[in-house]
Amino acid sequence: MAKKRELIINLGSSHISVSIFFLEEKISLQEFFFQDIELENFSESEWLASVEQVLAELCKKNKLSGAARFILPGSLVLSKTIRIPKVEESKKRKIVEYELSQKLPFAIKDLSWDFSTIDDDGIEEEVLSFAIKPETAQKLCQIVYRCGFLPTQFIPAAILDHESVCSLPNTANQECLFLNVGAKSTNVIFKNPNGFLTRTLSLGGITLTELISEKLATSLIKSERLKLDNLGEGANINDANNEQIFSEVLQTFHNKFAQELTRSVVTYKRIKKGKTPQCIYVTGRGVKTKGLLNLLASSQRLPLHYFNPYELFSLDTESFDEETLVDLPYLISEPAGLAKQIKNSTSHESLINLLPKSKVREIEKKKKLPWLALTGLLTALLPVPWLFQINSEISFLNKHLSEKKSEIKKLESLAQKNKECSDELLSLQQLNKHSSGFVNILHENSEKTSCVQDFLNSLQGVVDNPDNKNTWIDTVSFYAAKQTPSSLNASLKSNKVIANISGRYLVALDPNIEIKDINQKHMALIDSNGHKQESLTNSLNGIKQVVSVVNKVFSTEGKGDLYNRQFTYFEFDLEIDFVK
Amino acid sequence: MKLFYTWIGICVVILTALLILYFSKKSDYEDLLSDLKILSGKEEDLSSQSVVHDLLNHDLNIAKNEWFNWNKLSKNQSNFWRSYLDESNNIYFNQSNKSSSSINTELTRLISQLLRECEKSNVNFISENNTPSPFLETDQKTSGFSFGFSGYDGFWPSFEKEEANRISVQSKIIKQIVEIFLNSFKHHESPTLYSITREAAGQIDRKYINDDLITLNTGISLLRSVKFLDSQVFEISFMGKTDNLRSFINQIRAPFSLRSILVNRDGTTSELSEQASFFASKETTSDQNILPIIRNIDSIFIIQLEYITEANVDLFKYLSSYGQNDLERFFSEDYITLK
């Protein structure tokens, strides 16, 4: 079971205590601090001012803050016990409101009020209601805010003692009287098996202080000190001058207290039709007043017990200092009762809360404020992940971009090189084109410088060839290949010319052939001439520069005389390419 | 509550600021995306261009190699033509700028000198219009032969200096041709010179050149038919044997180039032998004993010679005429030796 931490602040008339409980299966008191309030007078405004001062000191000293429940003193709260018929819960509040409006001296709408059923006989219910002035509650709220607390509940001290009594052993079916003697009032609880009756007596430690102050005409602070020194628990009246006064004052207080208590018991008897308490439990620092317990014992003739708070909760005594442990049993009944009530309550609504409804709503709102603030902050920071994401994407893109830029720079450099390369290539192509024309023309021309000599040499080679012996050339001439104009141009351009060569050769008979008659001689000469023709033609055709034999004429008669003088006239038109 | 509202206000401010920042970043992000898209497109373009890098380099290497080859060949050609031009011995280049009158004197002296030398070598001068005949030999010897300058034998028109100098160059070239001609014949031979013709040296010369103007053979193109070369063409017509022609041709050296030759039999001596057969007897016939058919083997040779006077064979200058940029770079030693 998870530990539930409860910070309970008891705003007493003469002290403020802070209790921190852990509500588990058992209630445990974790921390307890208290501080007395010193008052010049007992007005509400001074008390509130003192509360703020003391609470602030306690908070500062013990580093306290946050949500807290506040127990209000009986003097600050108006309580009323009323009987109403037993009705449904939903109608009960309206009936109580109506009854209170009839019985309270203030308009109920002007008050902050709440109630609790304290007795139920099946037909009627006894309802204990409490009310506080809204302005007082407002002031208290402001004070506790300023001290760093967020009030979640204002609950009167009177109702809480009942829870404490109920927690005591052997009290479940017992009629008992519980007295919590406080500073300004005494809370009287008559507990019975069906419920309880509570009354608040306007008598407490301060009543004695006020009596001393009146008698001695001293300030309340001084009177309080005198009270503690002379009329406190175990103290003796040391001041001989005022011994009489103190005795009178004490007697007056005892008488008042006894009368009020007896009246309450009588009233209880009347209400409860003769039932009387069987024992008395006492608590509160007021019981330390000299002779008070003896008075109670003698006047009520009932067994008297100190209230033992350790029946309600556990505590680690080593965590508390000695002074705290001395006062703790007198001061803890109400906070312990509240702790018990919180633990036993099924819902928040079942507890009495005098905190004004508007204030409660405001507090509820304020409770939500941190969450709203957190939500606001989270909403405000909502774009942060997007920013991180987009920043990461931007940095990725930037990186990618810089890589791309670097790549493009390289590619641009390459493209520039390509352009330079291309330009150089174009330039070189132009150079090569023009250079080739230049070189080729010069080369062709250089070939032509000795082309005629070369041809003549070749021609001489033909004549000197043994197969063509006895051949001589009579004429040589060159002329342009005439034919068509187009071929003439082509001929000029292509360095082709026609070489006209004419001459004669002798035709010898083969000495190995026997010639018997003239016909046989002619036949032999024709054969020999044929060989010579072929040889000469082949030789001329074999000249390097000769492209083709355009025309050839062999005359054995007329210009030649083969049969008589054995020579043949020849004429060749050779197509020549000098640069071949 | 005030604190709460302040807090909420702060939260709203923070939220607004963060949202503004976010949208600003978002805008930056979108800008970056857009930039990236543009850059990606650019990168794609450039990548596709870079694919051709290797091909370009390959082509460039081929083009460079080709260029180195052409450059080398052009140097070879340049060297060839420079050596062909033979500037140190080329008359055209060694011609000092002389006055017209001094050239007249020089020409007159040259003609006299050539005539004397021809006389020494028993040269017969026969007019080209006349049929060369051994019977005219004595008469022709005495005729005034002007070696292509008949128009200026005792006459000298008013020449521009340039034209006169060009005539002077021609005269010196003709002197060399005559020397070659004379050297083509042995001492005992009696050469016959028909004519020497030349090109007109200018407008004035064209008026007076008369029959000395050369008729160019249309068959074989001249070397100067290409624009890089310039030349002067001369024609010499003489009678001789094959050996004389061979000797003449063998003496032709650069910057001369033989451009045409016309061989004709000497009409006066081309009669065939009356002998029935060129073979002495059938019995003794053998290849070695065959006799020539024609006893007089003289021929008339008409030779055209081209004398190269200019050779503009510098590739750099040639390419400059095309307005090619950055030529110095391509001709630089660094570039040429880059290979």
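A closer look at the overall build of chain A
When helices and strands are tallied, chain A shows 15 helices and 18 strands. Relative to its 580 residues, chain A shows a buried fraction of 51%.

Digging into the packing of aromatic side chains
In the structure shown here, the tally under the stated rule is 40 aromatic pairs over all chains. A ring pair is formed by Tyr306 of chain A and Tyr330 of chain A, whose centres lie 6.3 Å apart and whose planes are at 85°; its orientation type is edge-to-face. Pair noted here: Tyr306 of chain A is in strand β13 (residues 304-306) and Tyr330 of chain A is in helix α9 (residues 322-331), with a separation of 24 residues, a long-range link. On the basis of relative accessibility, which here comes to 44%, the residue Tyr306 of chain A falls in the partly exposed class. When the centroid spacing of 4.8 Å and the interplanar angle of 75° are considered together, the rings of Phe438 of chain A and Phe228 of chain B count as edge-to-face. With Phe438 of chain A in helix α12 (residues 383-448) and Phe228 of chain B in the loop between α6 (203-208) and β3 (229-240), the pair connects residues from two separate chains.

Structural notes on the pattern of salt bridges
Summed over all chains, the structure comprises 29 salt bridges over all chains. Residue Arg504 of chain A pairs with Asp474 of chain A through a salt bridge whose shortest N-O separation is 3.1 Å. Of this pair, Arg504 of chain A sits in strand β16 (residues 496-506) while Asp474 of chain A sits in strand β15 (residues 471-480), placing them 30 residues apart in sequence. Accessibility classification places Arg504 of chain A together with Asp474 of chain A in one group, the buried group. Ionic pairing is found between Glu199 of chain B and Arg224 of chain B, a salt bridge with its closest N-O pair at 2.2 Å. One end of the pair, Glu199 of chain B, is in the loop between β2 (192-198) and α6; the other, Arg224 of chain B, is in the loop between α6 and β3, with 25 residues separating them in the sequence. A single network of salt bridges, built from pairs that share partners, joins Lys86, Glu89, Lys92 and Glu125 of chain A.

Comments concerning the nonpolar core
One finds Ile9, Phe21 and Phe149 of chain A to be the most contacted residues of the largest nonpolar core, which totals 73 residues. For this core, the element with the most residues is helix α1 (residues 44-62) of chain A, which contributes seven residues. Excluding its chain neighbours within four sequence positions, the residues that come into contact with Phe149 of chain A are Leu7, Ile9, Leu55, Cys59, Leu64, Ser65, Gly66, Ala68, Phe70 and Val144 of chain A. Counting residues in hydrophobic clusters, the runner-up holds 72 residues, among them Phe570 of chain A together with Leu114, Phe181 and Ala201 of chain B.

Some remarks on the interface of chain A and chain B
Tallying the contact residues gives 81 residues for chain A and 91 residues for chain B. Carbon and sulfur atoms make up 72% of the area that chain A and chain B hide from each other, which totals about 7800 Å². Salt-bridge contacts for Glu424 of chain A lead to Lys64 of chain B; the nearest nitrogen and oxygen are separated by 3.8 Å. Looking at the side of chain A that touches chain B, the elements that each hand over two or more residues are α11 (357-380), α12, α13 (451-464), β15 and β16 of chain A.

A closer look at helix α6 (residues 220-231) of chain A
Residue and element names in this part refer to chain A. Looking only at α6, the buried set comprises Leu220, Ser223, Leu226, Lys227, Asn230 and Leu231. Along the axis of α6, the buried residues cluster in a sector spanning 115°; they form a single face. Looking at the buried positions of α6, the neighbouring elements they touch are α5 (205-216) and α7 (243-271).

Observations regarding the environment of Arg93 of chain A
Residues and elements named next belong to chain A. Relative to the helices and strands, Arg93 resides in helix α2 (residues 89-103). Distance in space between the C-alpha atoms of Arg93 and Asp114 is 8.7 Å, their sequence separation being 21 residues. Residues in contact with Arg93, not counting those within four places in the same chain, are Trp113, Asp114, Phe115 and Lys357.

Topic: the pairing of strand β12 (residues 279-283) of chain A
Working note: regular strand, side chains alternate between the two faces of the sheet. All names here are of chain A. Where burial is concerned, most of β12 is hidden: five out of the five residues are buried. Going residue by residue along β12, you find Cys279, Tyr281 and Thr283 tucked away on one face and Ile280 and Val282 tucked away on the opposite face as well. Where strand β9 (residues 176-181) lies against β12, five bridges are found, and the strand directions are parallel. Residue pairing in the sheet places Cys176 in a bridge with Cys279 of β12. Bridge analysis of β12 against β13 gives three bridges, and the strand direction is parallel. Its bridge partner lying in β13, Val282 is registered against Tyr306. For the segment spanning β12, helix α8 (residues 292-300) and β13, crossover handedness is right-handed.

A word on α5 of chain A
Residues and elements named next belong to chain A. End to end, α5 covers 17 Å across 12 residues, agreeing with the expected 16 Å (1.5 Å per residue, within 8%). Of all 12 residues in α5, nine are buried; the element is thus mostly enclosed. Regarding α5, the residues found buried are Gly205, Ile206, Thr207, Leu208, Thr209, Leu211, Ile212, Ser213 and Leu216. If you follow the buried residues of α5, they end up packed against α6 and α7.

Description of the confidence of the model for chain A
As a note on interpretation, predicted positions should not be read in detail where pLDDT is low. Across chain A, the average pLDDT comes to 84, with 94% of residues at or above 70. Note on residues 484-492 of chain A: pLDDT is under 50 here. Beyond four places in sequence and across chains, it has eight contacts.

Structural notes on a negative patch on the surface
On the surface, Asp28, Glu30, Asp31 and Asp35 of chain B cluster together into a negatively charged patch. Checked against the element boundaries, Asp35 of chain B lands in helix α1 (residues 2-85).

Thoughts on the packing of α7 of chain A against α8 of chain A
All names here are of chain A. Between α7 and α8, whose axes approach to 10 Å, the crossing angle comes to 40°. Between α7 and α8, the angle is such that the two are oblique. In this structure, the crossing between α7 and α8 has a hand that is right-handed. Across the interface between the two elements, Phe253, His254, Phe257, Ala258, Leu261, Thr262 and Val265 from α7 touch Leu292, Leu295, Leu296 and Gln300 from α8.

Here we look at the confidence of the model for chain B
Residue and element names in this part refer to chain B. Predicted confidence across chain B gives a mean pLDDT of 81, with 85% of residues reaching 70 or more. Here helix α4 (residues 137-142) stands out as the least confident element of chain B, with mean pLDDT 44; helix α5 (residues 161-183) is the most confident, with 92. The model gives residues 130-142 a pLDDT under 50, and that stretch makes 20 contacts with residues more than four places away or in other chains. Scored as a complex, the prediction yields pTM 0.57 and ipTM 0.81.

Looking at the sheet that holds strand β4 (residues 66-72) of chain A
All names here are of chain A. Taking strand neighbours across the sheet as the criterion, the six strands line up as β8-β4-β1-β2-β3-β14 in an open arrangement whose pairing is mixed. Since the sheet does not close on itself, it has two edges, and those belong to β8 (149-156) and β14 (313-315), each with one partner. Neighbour-to-neighbour, the strand axes of this sheet turn through a mean angle of 35°, independent of strand direction. When strand β1 (residues 4-11) meets strand β2 (residues 15-23), the two strands line up antiparallel, connected through eight bridges. Looking across to β2, one finds that Ile9 is bridged to Val18. Where α1 meets the sheet, its contacts fall on β1, β2, β3 (27-36), β4 and β8, and the angle it forms with β3 comes to roughly 125°.

Considerations on the packing of α5 of chain A against α6 of chain A
Two packed helices can be described by the angle between their axes and the distance between those axes. All names here are of chain A. The N-to-C vectors of α5 and α6 enclose an angle of 110°; their axes lie 8 Å apart at closest approach. Considering the angle they form, α5 stands roughly perpendicular to α6. Where α5 abuts α6, its residues Gly205, Ile206, Leu208, Thr209, Glu210, Ile212, Ser213 and Leu216 lie against Leu220, Ser223, Glu224, Leu226, Lys227 and Leu231. Within the contact of α5 with α6, the residues separate by chemical class into seven nonpolar, four polar and three charged.

Quick notes on the sheet that holds strand β11 (residues 196-201) of chain A
Residue and element names in this part refer to chain A. With mixed pairing, five strands are arranged side by side in an open sheet as β11-β10-β9-β12-β13. Each of the sheet's edge strands pairs with one partner strand only, and the pair in question is β11 and β13. Pairs of neighbouring strands in the sheet enclose a mean axial angle of 20°, with direction left out of account. Pairing of β9 with strand β10 (residues 186-191) involves six bridges; the strand directions are antiparallel. From the neighbouring strand, Leu179 faces β10, where its bridge partner is Val188. The sheet strands contacting helix α4 (residues 157-167) are β9, β10 and β11, and the helix crosses β10 at an angle near 45°. Of the strands in this sheet, β9, β10 and β11 touch α7, which is tilted by about 155° from β11.

Rules used in this analysis
Residues numbered from 1 in each chain as written. Chains lettered and ligands numbered in written order. Predicted model: local features only at pLDDT ≥ 70, side-chain atom pairs only at ≥ 80, totals over all residues. Heavy atoms only, no water. Helix = DSSP H or I, 4+ residues; strand = E, 2+ residues; numbered from the N terminus. Buried < 20%, exposed > 50% of the residue type's maximum accessible area, 1.4 Å probe, protein only. Phe/Tyr/Trp six-rings, centres within 6.5 Å; stacked < 30°, edge-to-face > 60°. Salt bridge = Lys/Arg side-chain N within 4 Å of Asp/Glu carboxyl O. Core = buried A, V, L, I, M, F, W, Y, C linked by side-chain atoms within 4.5 Å. Contact = heavy atoms within 4.5 Å. Buried area = accessible area lost by both parts, 1.4 Å probe. Arc of directions from axis to C-beta. Pairing = 2+ DSSP bridges. Right-handed = clockwise from strand over helix to strand, strands pointing away. Expected span 1.5 Å × (residues − 1). pLDDT = per-residue confidence, 0-100. Patch = residues over 30% accessible without salt bridge, like charges linked within 9 Å, V, L, I, M, F, W, Y side chains within 5 Å. Areas by Shrake-Rupley, 256 points an atom, 1.4 Å probe, with all protein chains shown as cover. Lys, Arg positive; Asp, Glu negative; His and termini not counted. Charge placed at Lys NZ, Arg CZ, Asp CG, Glu CD. Axes fitted to C-alpha atoms, helices over the stretch in contact; angles between N-to-C directions. Parallel < 35°, antiparallel > 145°, perpendicular 65-115°, else oblique. Left-handed = near helix turned anticlockwise from the far one by under 90°. Nonpolar A, V, L, I, M, F, W, Y, C, P; charged D, E, K, R; others polar.

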